[in-house]
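# Survey of secondary and tertiary structure
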Amino acid sequence: MVDLDNASVYQQFDKSGMLDHLHKFPEQCQKAWEKVLKLELPPEYTEISNVVIVGMGGSAIGGDIARRLALTESKLPVRVHRDYGLPAFVDESTLVIASSYSGNTEETLSAFTESLKTRARKLVITSGGKLKHLAENEGIPVFVIDYQAPPRAAFPSNFVPLVGIFQKLGLLGDKSADLQESVVILNKLSTDFIETRPLVSNPAKQLAAKLWGHMAVIYGAEIFSEVARRWKTQFNENSKAWAFFESFPELNHNAVAGYEFPPEAKQRLFVLMLRSSSLRPRSLLRYEATAKLLAKGGIAYDFAEARGESALAQVMSLVLLGDYSSFYLAMLNRVDPTHIDAINFIKQYLTRSNISSD
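The structure reproduced in this document is the subject of the present report. Nothing here was measured: the structure is a model prediction, and the numbers come from that model.

A tally of regular secondary structure across the chain gives 13 helices and nine strands. Computed over the C-alpha atoms, the radius of gyration of the chain is 20 Å, within 12% of the 21 Å expected from 2.2 N^0.38 for a compact globule of 358 residues. In terms of overall dimensions, the chain has C-alpha extents of about 55 × 45 × 45 Å along its principal axes. A fraction of 78% describes how many contacts in the chain between residues 6 or more apart in sequence connect residues 24 or more apart. The positive charge centre, built from 39 side chains, and the negative charge centre, built from 40, are 3 Å apart in the chain.

Here is the structure:
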């Protein structure tokens, strides 16, 4: 197995500098918060009855987590749309937020173009591309992401602005204190997860070592179900590994019945359960019962505990652990975490087709 305590490993496999983005994660959060507080929205944007966030991949996961935060505070429904076009219910009382880091994601461009045919309020979060150009031509507010990175590594620059926008719209209360708590915890955790911290005392390296050679299945309840999705995608993109996620309590109504076959799979599976003592007591009880079933079935599992008091801090603490763990697993798999050749192949294949994305 690759020695994660050997500094030359990172020079050998992290040729595109993903590690540097992990180092800047807390700083990204702080800067994105300061910038979104300066964003001015038209007064009529508060006169809405629902929000639809359109996006894909790393640009959509921030919407998932922001939506889950809003579930506990907002009386307005928030939906995340990962597809072409728009839901039929979008109308003049809808705020459509188009989120695409590159500004060239074809599904997001399709949805945004469709929204231009409606009277819906519109807002764009992007670093540039066609989306920014379209929005500016239509006089639509744009939050410009100025952090340069692969979209998944710019998660704070996408998610934190959504929290700020939701605060401005009244979907969330003032999250300034929660954001500052998050940054403090992220800075502390960064010292625990950094590559110079040896494996014996580095939780992120330890987790990657447990996952090496296994297929990760991530479980999460309540808001952590969305973080589980983030972990899944990070193991896919960074580690180039199979990974799946499931949500409590739904998984207790189906997934647990599938632990038996094929028996050969048990040796290759590793279940990670994202948890916090702040979850509903019944949710925590489900974690306990599920762990007993996994143990009985001979399936390896572990818990990852959130840090912090606020939901925002807890979410961010687990996102950072997942990001670092997926990076270290990439090192163990001897791959550059930045490269996404398979995804680029799909994009190029679609580009060669004469079938429109409209």
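For the rest of this paragraph, the subject is helix H3 (residues 25–36). End to end, H3 covers 17 Å across 12 residues, agreeing with the expected 16 Å (1.5 Å per residue, within 8%). Turning to H3, its buried residues number three or more, namely Phe 25, Pro 26, Gln 28, Cys 29, Gln 30, Ala 32, Trp 33 and Val 36. Where H3 is buried, its residues meet helix H2 (18–23), strand S5 (142–144), helix H7 (155–169), helix H8 (176–193) and helix H12 (311–332).

Turning to the sheet that holds strand S7 (residues 243–248), a few remarks are in order. Taken in spatial order, the four strands make up an open sheet running S7-S6-S8-S9, and their pairing is parallel. A single partner strand is all that each edge strand has here, and the edge strands are S7 and strand S9 (300–305). Averaged over neighbouring strand pairs, the angle between their axes works out to 25° when direction is ignored. As defined by bridge partners, strand S6 (residues 215–221) adjoins strand S8 (residues 269–275) across six bridges and the pair is classed as parallel. Paired with Met 215 across the strands is Leu 269, a residue of S8. Running at roughly 165° to S8, helix H11 (residues 281–296) makes contact with S6, S7, S8 and S9 of the sheet.

Let us now look at the side chain of Glu 237. Position of Glu 237 relative to the elements: it lies in helix H10 (residues 224–237). On the basis of relative accessibility, which here comes to 17%, the residue Glu 237 falls in the buried class. Of note is the side chain of Glu 237, whose polar atom sits 3.4 Å from the side chain of Arg 152. Those residues in contact with Glu 237 that lie beyond four places of it in its chain are Arg 152, Pro 337, His 339, Ile 340 and Ile 343.

With that out of the way, let us pick up the pairing of S7. Note that S6 and S7 share six bridges and pair parallel. In the sheet register, Val 217 faces S7, and the bridge partner there is Phe 244. Note on the crossover from S6 through H10 to S7: the handedness is right-handed.

This structure, assessed with the given rule, holds 18 salt bridges. Close ionic contact of Asp 64 with Arg 82 constitutes a salt bridge, the shortest N to O distance being 2.4 Å. Of this pair, Asp 64 sits in helix H4 (residues 61–71) while Arg 82 is found in the loop between strand S2 (78–81) and strand S3 (94–100), placing the two residues 18 residues apart along the sequence. The class for Asp 64 is buried, based on a relative accessible area of 4%. With a shortest N-O distance of 3.6 Å, Arg 229 and Asp 64 are connected by a salt bridge. With Arg 229 in helix H10 and Asp 64 in helix H4, this pair connects stretches of sequence that are 165 residues apart.

The subject of this paragraph is the side chain of His 81. Following the sequence through the fold, His 81 ends up in strand S2. A relative accessible area of 15% places His 81 in the buried class. Polar side-chain contacts of His 81 include one of 3.2 Å to the backbone oxygen of Tyr 84. Those residues within four positions of His 81 in sequence are excluded, and the remaining contacts are Val 52, Ile 53, Val 54, Gly 55, Leu 86, Pro 87 and Ala 111.

Here is what the cut-offs are and how they apply
- Residues numbered from 1 in each chain as written.
- Predicted model: local features only at pLDDT ≥ 70, side-chain atom pairs only at ≥ 80, totals over all residues.
- Heavy atoms only, no water.
- Helix = DSSP H or I, 4+ residues; strand = E, 2+ residues; numbered from the N terminus.
- Rg over C-alpha atoms; globule rule 2.2 N^0.38 Å.
- Contact = heavy atoms within 4.5 Å.
- Lys, Arg positive; Asp, Glu negative; His and termini not counted.
- Charge placed at Lys NZ, Arg CZ, Asp CG, Glu CD.
- Expected span 1.5 Å × (residues − 1).
- Buried < 20%, exposed > 50% of the residue type's maximum accessible area, 1.4 Å probe, protein only.
- Pairing = 2+ DSSP bridges.
- Axes fitted to C-alpha atoms, helices over the stretch in contact; angles between N-to-C directions.
- Polar contact = N/O pair within 3.5 Å; in protein donor to acceptor, adjacent residues only side chain to side chain.
- Right-handed = clockwise from strand over helix to strand, strands pointing away.
- Salt bridge = Lys/Arg side-chain N within 4 Å of Asp/Glu carboxyl O.

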